[in-house]
Amino acid sequence: MPTKRATCSKGRTSAHASCCVWFDVLDDIQENLFDGGECGEEVHESLRVSSSPNVTRRFKHTYSSHSTMLLAFHRPFSPRESSGKCGLGADGSIMAHSDVETLFPANNGIDDIVDRQRPFAIAHKVSFGDFIQFAGAVGVSNCPGAPSLEFLAGRLNVSIASPPGLVPDPFDPVDKIIDRFADAGFSPNEIVDLLASHTIAAQDHVDPTIPGTPFDSTPGTFDAQFFVETLLVGQTFPGNGSNQGEVVSPLAGEFRLQSDFAIARDPRMACEWQSFIANHNTMTTKFRAAMSKMATLGQIRGLLTDCSDVIPVPPTLTTKPFLPAGKTLKDVQVACHASPFPVLTAQPGPATSVAPVPPS
Ligand code: HEM
Ligand SMILES: [Mn+2]
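So, how was this worked out
Residues numbered from 1 in each chain as written. Chains lettered and ligands numbered in written order. Predicted model: local features only at pLDDT ≥ 70, side-chain atom pairs only at ≥ 80, totals over all residues. UniProt positions renumbered as here; feature names shortened; annotations may be inferred. Helix = DSSP H or I, 4+ residues; strand = E, 2+ residues; numbered from the N terminus. Buried ≥ 20, exposed ≤ 12 C-beta atoms within 10 Å, placed from the backbone. Contact = placed C-beta atoms within 7 Å. Core = buried A, V, L, I, M, F, W, Y, C linked by C-beta atoms within 7 Å.

1. Side note on the UniProt feature "binding site: Ca(2+) 2" (unreviewed entry) in the protein chain
Then, in step 1: Residues annotated in UniProt with the feature "binding site: Ca(2+) 2" (unreviewed entry) correspond here to T199, D216, T218 and D223. What stands out for the annotated residues spanning 25 residues is how close their C-alpha atoms remain, the widest pair being 9.6 Å apart.
Then, in step 2: For T199, the position within the fold is in the loop between α9 (188-194) and β4 (202-203).
Then, in step 3: Relative to the assigned elements, T218 resides in the loop between β5 (213-214) and α10 (225-229).

2. Considering the environment of A290
Then, in step 1: Examined against the element boundaries, A290 turns out to sit in helix α13 (residues 280-295).
Then, in step 2: Classification of A290 by C-beta neighbours within 10 Å gives buried; the count is 21.
Then, in step 3: Note: C-alpha distance between A290 and D207 (83 residues apart in sequence) is 29 Å.
Then, in step 4: Sequence-distant contacts of A290, defined by excluding residues within four places in its chain, comprise E190, D193 and L194.

3. Here's the deal with the nonpolar core
Then, in step 1: Grouped together as the largest cluster of nonpolar side chains are 64 residues, with contacts concentrated most on W22, F134, F151 and I191.
Then, in step 2: Every residue in contact with F151, bar those within four places of it in the chain, is listed here: Q133, F134, A137, C307, S308, V310 and I311.

Encoded structure:
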C-alpha cells in the first residue's frame, strides 16, 4: 500500500511531516553557510581547485567531523547508563559547550565553524546535535563522488561537555588511535572507512604557516586520491618543516599527517585502505555506514525519525583514481600483500604542485 508523503515547502516531499523543517534549514545553509551550495563541478577533476571557495572549506565550515568524532567518544556514557537524562554521544555538546570542547587540542580550528553554525540551529529551533549531523550530510552532498548520507532527526537539546583527550591526535601512535576508536565501537577497518573524509580535507593548524594545505590533490572531490597519494614515497614538507603530527608528503603543496601515513601502512588496515582505490562504490558505501554509526552513537535509533530524503543527491564523479604527474608505480609503497595493487594511469606531464584551499 503506497504511503502518503508529507508535502513540505516548495512542493518538496518527505516520508515524515516532522522532517519538513529540514528543507527550510537546507535552503538556508546552502545559501548562507555554503555559498550557494554549488560545490563546483569545476572542482572535481583538478588539483587547481583553488580559485573559488571550494567544497573542502565548506565541509569544514559546516561540518568539522571532529566534533562528530568528539561526540562519538562520549560513548562510555550511554543514555541508559546516565538514567536517560542526557543524550550523550552525538548530542551536539560541542555546540552547547564550545567554551570547553573547542579548546581541546584535537579540536583545533573547530571553534569558528561551531560559532557559525549555532545561529542557524537556534533560528530554526532544531537541536544542536541534529544540526551538526544535518550540516555534515548536506556539506558532503556538495562534493562530487560522495554518498548521500543518512540523516536521522530527534536528538534532544541536552548535553554535557566532553572530557578532554578522547579524540585522537595526528601524532598519536596507531595503537592508541585504534584504542580510542574501539572505545567508541569502531573496528580498525571502520577507521579507514571514516578516513575517506580526508579526501575532501585540508589542514590549517598543524602547520599554521600554510593554512588550507590539502591531504590529497583533489580536495574538492570525494574520490580515492587520498588513498593513492598517502601510499606514495614521501619527499618534502610543504611548509616550514616538521611539525608535530606531520611527515613528509609526496607532492609539493600537499600535507601528510603522520597518522594517515601510519594507518595506510599498518598491516591491520592496509588492505582496507588499498581496496578503496579500485572500488569507489565500496568506499562510499562503507563511509556512509560508518558515518551512520557515528551519528547515532549515544542515541537510540528507534527514537529518531529518518529524514534522509531531505539530503540532496551528490553530483557523480567523472574521474578515476590516478598517479599524480611525475609518479610511477615504483613510488607506491604497497602495504597490502593479500591482493595486487590496482592498475592506475599516470597523469601526463611534469610534476605539478597542489594548490591550497583558499579561506572562505
Ligand atoms: C584517525 C584519526 C584522525 C586524526 C588523527 C585526524 C587528524 C586531523 C587533523 C590534524 C586535521 C587538520 C586540522 C587542521 O589543522 O585544521 C584533520 C582534518 C580533517 N579531518 Fe581528520 N583526523 C582523524 C579522523 C577523522 C575522521 C574520522 C573524520 C570524519 C569522519 C575526519 C575528518 C576531517 C576533515 C573533514 C578535515 C578537514 C577540515 C578542513 O578541511 O579544514 N578526520 N584531521
Ligand atoms: Mn579528493
